[in-house]
Amino acid sequence: QVQLVESGGGLVQAGGSLRLSCAASGRTFSNYVMGWFRQAPGKEREFVAAIRGSGGSTYYADSVKGRFTISRGNAKNTVYLQMNSLKPEDTAVYYCAADPRVVRLSQAYEYDYWGQGTQVTVSS
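On a predicted model such as this, the values are computed, not experimentally measured, just so you know. (Residues numbered from 1 in each chain as written. Predicted model: local features only at pLDDT ≥ 70, side-chain atom pairs only at ≥ 80, totals over all residues. Heavy atoms only, no water.)

Draft legend 1. The side chain of Arg38, seen in detail. Among the secondary structure elements, Arg38 is positioned in strand β4 (residues 33–39). When its relative accessible area of 6% is taken as the criterion, Arg38 is described as buried. Among the polar contacts made by the side chain of Arg38, one reaches the side chain of Asp90 at a distance of 2.9 Å. Separated by 2.9 Å, the side chains of Arg38 and Tyr94 make a polar contact. (Helix = DSSP H or I, 4+ residues; strand = E, 2+ residues; numbered from the N terminus. Buried < 20%, exposed > 50% of the residue type's maximum accessible area, 1.4 Å probe, protein only. Polar contact = N/O pair within 3.5 Å; in protein donor to acceptor, adjacent residues only side chain to side chain.)

Here it is as structure tokens:
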């Protein structure tokens, strides 16, 4: 059974940093695409960042480029999202996602496996 568990969310002031973690289990995830999405109240779920298993190429939404960094742990079954220079508009529930075959990295429907989400709140 595939399970993705996010952690690391919380309340932070604007300009601060948080590091989200996603622990994946139930499969070998080394070749999976791992992604982060977020959903603010009243808004659709949106792409944040993704990392490929093979080669480790990374991709970011324009809104977070230069502030957020996605990475994988040595065992490849953990993915991190380092978030710096946080803004109030980054406030959302952040979800980890995974899939072995993703063509359109920014599209939520491409990912079969999802975590339960972790709340990030940035105060002004």
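Draft legend 2. Structural view of the state of the cysteines. In total, this model carries one disulfide according to the counting rule given. The disulfide bridge from Cys22 ends at Cys96, spanning 2.1 Å between sulfur atoms. Around the S-S axis, the bridge from Cys22 to Cys96 shows a dihedral of about -80 degrees and counts as left-handed. Taken together, the positions of Cys22 in strand β3 (residues 18–25) and Cys96 in strand β9 (residues 92–99) put the pair 74 residues apart, joining distant regions of the chain. There is no split in this pair, since Cys22 and Cys96 are both buried. (Disulfide = S-S within 2.5 Å.)

Draft legend 3. Spotlight on the environment of Ser71. Its place among the elements puts Ser71 in strand β7 (residues 68–72). Excluding its chain neighbours within four sequence positions, the residues that come into contact with Ser71 are Ile51, Thr78, Val79 and Tyr80. (Contact = heavy atoms within 4.5 Å.)

Draft legend 4. Expanded view of the sheet that holds β7. Within the open sheet, the four strands sit side by side as β1-β3-β8-β7. Their pairing is antiparallel. Among the strands making up the open sheet, the edge pair consists of β1 (3–7) and β7. Pairwise comparison of adjacent strand axes, ignoring direction, gives a mean angle of 15 degrees for this sheet. With five bridges joining them, β1 and β3 adopt antiparallel strand pairing. In the sheet register, Leu4 faces β3, and the bridge partner there is Ala24. (Pairing = 2+ DSSP bridges. Axes fitted to C-alpha atoms, helices over the stretch in contact; angles between N-to-C directions.)

Draft legend 5. Quick peek at the pattern of salt bridges. One pass over the structure, following the stated rule, counts five salt bridges. Measuring nitrogen to oxygen at the nearest pair gives 3.1 Å for the salt bridge that ties Lys65 to Asp62. For Asp62, a relative accessible area of 66% translates into the label exposed. Counted as one network, the salt bridges with shared partners bring together Arg38, Glu46, Arg67 and Asp90. (Salt bridge = Lys/Arg side-chain N within 4 Å of Asp/Glu carboxyl O.)

Draft legend 6. Examining the nonpolar core more closely. In terms of nonpolar packing, the biggest core is built from 37 residues, with Met34, Trp36, Leu81, Met83 and Tyr94 touching the most fellow members. Elements with a minimum of two residues in this core: β3, β4, β5 (46–51), β7, β8 (78–83), β9 and β11 (118–123). Every residue in contact with Leu81, bar those within four places of it in the chain, is listed here: Leu18, Arg19, Leu20, Trp36, Val48, Ala49, Phe68, Thr69, Ile70 and Tyr94. (Core = buried A, V, L, I, M, F, W, Y, C linked by side-chain atoms within 4.5 Å.)

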